[in-house]
Amino acid sequence: MSARRRVDLAQLRAGPTKLSAVLEPETTVAPHPDIAHLAPLLGSWRGRGRGEYPTIEPFEYLEEVHFGHVGRPFLTYRQRTRAADGSRPMHSETGYLRAIGPDRIELILAHPTGITEICEGSLVTEGGELRLELESTSIGLSSTAKSVTALGRTITVAGDTLEYSLRMAAVEQPLTHHLAATMHREN
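Below is a summary of the structure that appears in this document. (Residues numbered from 1 in each chain as written. Predicted model: local features only at pLDDT ≥ 70, side-chain atom pairs only at ≥ 80, totals over all residues. Heavy atoms only, no water.)

We now examine the pattern of salt bridges. Tallied over the entire structure, the rule returns 9 salt bridges. Across the pair Glu-186 and Arg-46 runs a salt bridge whose closest N-O atoms are separated by 3.4 Å. With a gap of 140 residues between them, Glu-186 in the segment after strand E10 (176-185) and Arg-46 in strand E1 (residues 43-53) connect regions that are remote in the sequence. On the basis of relative accessible area, Glu-186 is assigned to the partly exposed category, the value being 37%. Its relative accessible area of 42% is what places Arg-46 among the partly exposed residues. Shared partners join several salt bridges into a network, and the residues in it are Arg-46, Glu-64 and Glu-186. (Salt bridge = Lys/Arg side-chain N within 4 Å of Asp/Glu carboxyl O. Helix = DSSP H or I, 4+ residues; strand = E, 2+ residues; numbered from the N terminus. Buried < 20%, exposed > 50% of the residue type's maximum accessible area, 1.4 Å probe, protein only.)

Right, here's the structure in full:
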């Protein structure tokens with residue numbers, strides 16, 4: 001094994017900070033002009049959320065979301081949740097947010113539960129607040145995934161606070177509120 005390869009493996013073994021730097025390198029370039037209006041989303045956000053659905057008991061969770069960029073016309077998106085006491089991982093999502101005009105956006109996500117999600121919607125910037133309203137246009141399901149037929153998301157950023165709600169139609173239930181969280185920008 002070459003010396004360079006040993007260094008790379010040592011960096012990967014150093015922990016999640018190093019791994020995230022490999023997967024999404026720090027960039028000093030400005031966001032691509034097509035996504036400059038999405039800049040208020042950039043960075044890491046942490047907070048608490050609450051979930052409910054007609055088929056399950058209500059629950060609380062801790063959440064971390066990261067929006068990044070690599071100088072191309074999209075934002076990267078990573079989301080992770082843990083039980084409210086921090087004891088166990090719960091859910092994660094990875095994907096991309098693309099601007100398809102000054103007031104239209106697409107969110108493309110993969111879930112480890114065998115679900116892929118494509119949402120489209122509107123982007124409104126008003127009074128220093130950024131608001132995304134998204135509805136699913138396509139849901140992909142693996143043969144072992146739970147039956148999800150529709151998703152909707154509302155994401156609002158005001159200063160250093162990000163709030164979102166998620167609606168879901170699944171397991172023969174209509175589109176219904178499922179999740180809501182409030183997060184704050186990490187320094």
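Picking up where we left off.
Glancing now at unusual backbone geometry. Of note in this structure, Val-171 is not a glycine but carries a positive phi near 40 degrees. Judged by relative accessible area, which is 33%, Val-171 ranks as partly exposed. Even without being glycine, Glu-172 reaches a positive phi, approximately 65 degrees. With respect to the element layout, Glu-172 can be found in the loop between strand E9 (161-170) and E10.

Glancing now at the side chain of Thr-156. Residue placement: Thr-156 occurs in strand E8 (residues 148-158). Here Arg-131 takes part through its side chain, which lies 3.4 Å from a polar atom of the side chain of Thr-156. Thr-156 has contacts with Glu-129, Leu-130, Arg-131, Thr-161, Leu-162 and Glu-163, leaving out every residue within four places of it along the chain. (Polar contact = N/O pair within 3.5 Å; in protein donor to acceptor, adjacent residues only side chain to side chain. Contact = heavy atoms within 4.5 Å.)

Here we come to the packing of aromatic side chains. A complete count under the given rule lists 3 aromatic pairs for this structure. Measuring from centroid to centroid gives 5.9 Å for Phe-59 and Tyr-61, while their planes differ by 40 degrees, and the two rings are tilted. The buried category is assigned to Tyr-61, whose relative accessible area is 2%. An angle of 90 degrees between the planes, with centres 5.3 Å apart, marks the rings of Phe-74 and Tyr-96 as edge-to-face. Residue Phe-74 is located in the loop between strand E2 (56-68) and strand E3 (75-83), and its partner Tyr-96 is located in strand E4 (residues 89-101); the two are separated by 22 residues in the primary sequence. A residue is classified by how much of its surface remains accessible, and Tyr-96, at 42% relative accessible area, is partly exposed. (Phe/Tyr/Trp six-rings, centres within 6.5 Å; stacked < 30°, edge-to-face > 60°.)

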